[in-house]
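So the chains spell out like this:
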Amino acid sequence: MELRKRWEARTQATPSMADPSPLGSGPVNRHGMPRLPVGQSASKKWPVLDLGVLPEVTRESFRLEIDGAVEVPTTLRFHELLELEQVEDVSDFHCVTTWSKFDLAWKGVRVSDLLALARPLESARALMAHASDRYTTNVALEEALKPDVLLVYQVDGAPLPREHGGPVRMITPQLYAWKGAKWINRLELLTENAPGFWEQRGYSMTAHPWRDDRYG
Ligand SMILES: Nc1nc2c(c(=O)[nH]1)N[C@H]1C(S)=C(S)[C@@H](COP(=O)(O)O)O[C@H]1N2
Ligand SMILES: [Mo]
C-alpha cells in the first residue's frame, strides 16, 4: 500500500525492529526482540489504567475523525470500520508501570489503512490520537504505520470491554501501551511531532520498551 511503502524504510529502522542490542529477557518475539522488555514482569491479569473517567461511547455513537495534515478529512462510523480489511493479530501489551500482558488476541483494522483513506500530506510526520476522556498521545508515523498498530473493537473473541477502551481503542504493541488511546475518537496528522497528555508530563516522546525509554 502506497502510504506504508513510502514509510517502509523508516519503519524497518525503528528500535523494536532493528535495535542490535535490545534490552530484555526471554525467547525472541517475531521481530527478534527479547519477549520481555527490560524492567517488565509478565502479568497474568490485565490491569486497567486510565484517568478515571469512563466515557459513554457505544458502537452507535462512535465517530472517528481523521484530520490535520491530510488531503481528505474523513469521519467514520463503527459500521464503516467493518468495511475495511479486518485484521486479527495476537500481540503483547507493555505498560510503563512495569507489567506486560502476553498474547492478547485482537481484532480490528490497521491504523495505516485508516490514515490512507484521508491521504496524509507529504509533510505529515506524526499522529496525535485523541480520546473521549480528553486523553491524547503522540506517535511518529514510522511507528503508527506498522501493520500491528490497530484500532481494535474485539479482544480474545469478545467485544472490547468498556474499561479497556471499548467500543474502539488503538494498540501499539511495539511501544509502551500508553501510546494506545482507549475510547479513540480522532486521528490528527501532524507535520511536526508534539507531546500528548503524558508526554507533556515527562513521559517519553518515543516510548521504546527495549530501550527502557520511559521518561523524556
Ligand atoms: N483514553 C485513554 N487512553 C489511554 C489511557 C487513558 O488514560 N485514557 N491510559 C493509557 C495507559 S497509561 C495505558 S498503560 C493503557 C492501559 O490500557 P488498559 O487499561 O486497557 O490496560 O491505556 C492507555 N490509553
Ligand atoms: Mo500506563
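Check the entry above for the structure.
Since the structure is predicted, the reported quantities are computational estimates derived from the model, not experimental observations.

## Observations concerning the site of ligand 1
Then step 1. With respect to spatial proximity, 20 residues lie near ligand 1, and among them Pro-47, Asp-133, His-164, Arg-169 and Lys-182 are the closest.
Then step 2. Leu-49 is positioned with one of its backbone polar atoms (N or O) 2.8 Å from an oxygen atom of ligand 1.
Then step 3. For ligand 1, an oxygen atom lies 3.1 Å from a polar atom in the backbone of Leu-51.
Then step 4. Expressed as a share of its isolated accessible area of 530 Å², the protein-covered part of ligand 1 is 97%.
Then step 5. Residue composition of the shell around ligand 1, grouped by class: 14 nonpolar, two polar and four charged.

## Details of the sheet that holds strand E5 (residues 74–77)
Then step 1. Taken in spatial order, the five strands line up as E5-E4-E13-E8-E9 in an open sheet, and their pairing is mixed. Of all strands in the sheet, those with a lone pairing partner are E5 and strand E9 (136–140), marking the two edges. Going across the sheet, the axis of each strand differs from the next one's by a mean of 15°, ignoring polarity.
Then step 2. When strand E8 (residues 126–131) meets strand E13 (residues 184–190), the two strands line up antiparallel, connected through six bridges. In the sheet register, Met-128 faces E13, and the bridge partner there is Glu-188.

## Some thoughts on the environment of Ala-69
Then step 1. Tracing the chain through its elements places Ala-69 in the loop between strand E4 (63–68) and E5.
Then step 2. A residue is classified by how much of its surface remains accessible, and Ala-69, at 8% relative accessible area, is buried.
Then step 3. Between the C-alpha atom of Ala-69 and that of Ala-207, which follows or precedes it by 138 residues, the distance is 23 Å.

## Notes on the pairing of E8
Then step 1. For E8, the buried fraction is high: six of the six residues fall into the buried class.
Then step 2. Pairing of E8 with E9 involves five bridges; the strand directions are antiparallel. Looking at the pairing, Ala-126 lines up with Ala-140 of E9.
Then step 3. Between the antiparallel neighbours E8 and E9 lie four residues, among them Arg-134 with a positive phi of about 75°.

## What about helix H1 (residues 2–12)?
Three or four residues apart is the spacing at which side chains of an α-helix point the same way, because the helix has 3.6 residues per turn.
Then step 1. Buried within H1 we find Leu-3, Trp-7 and Thr-11. The arc enclosing the buried residues of H1, seen along the axis, measures out at 70°, which places them on a common side. More than 90 degrees from the buried face of H1, the exposed residues found are Glu-2, Lys-5 and Ala-9.
Then step 2. Structurally, H1 contributes buried residues whose contacts are with helix H2 (15–18), helix H4 (111–118) and helix H5 (141–144).

Rules of the game
- Residues numbered from 1 in each chain as written.
- Chains lettered and ligands numbered in written order.
- Predicted model: local features only at pLDDT ≥ 70, side-chain atom pairs only at ≥ 80, totals over all residues.
- Heavy atoms only, no water.
- Near = heavy atom within 4 Å.
- Polar contact = N/O pair within 3.5 Å; in protein donor to acceptor, adjacent residues only side chain to side chain.
- Areas by Shrake-Rupley, 256 points an atom, 1.4 Å probe, with all protein chains shown as cover.
- Nonpolar A, V, L, I, M, F, W, Y, C, P; charged D, E, K, R; others polar.
- Pairing = 2+ DSSP bridges.
- Helix = DSSP H or I, 4+ residues; strand = E, 2+ residues; numbered from the N terminus.
- Axes fitted to C-alpha atoms, helices over the stretch in contact; angles between N-to-C directions.
- Buried < 20%, exposed > 50% of the residue type's maximum accessible area, 1.4 Å probe, protein only.
- Arc of directions from axis to C-beta.
- Contact = heavy atoms within 4.5 Å.

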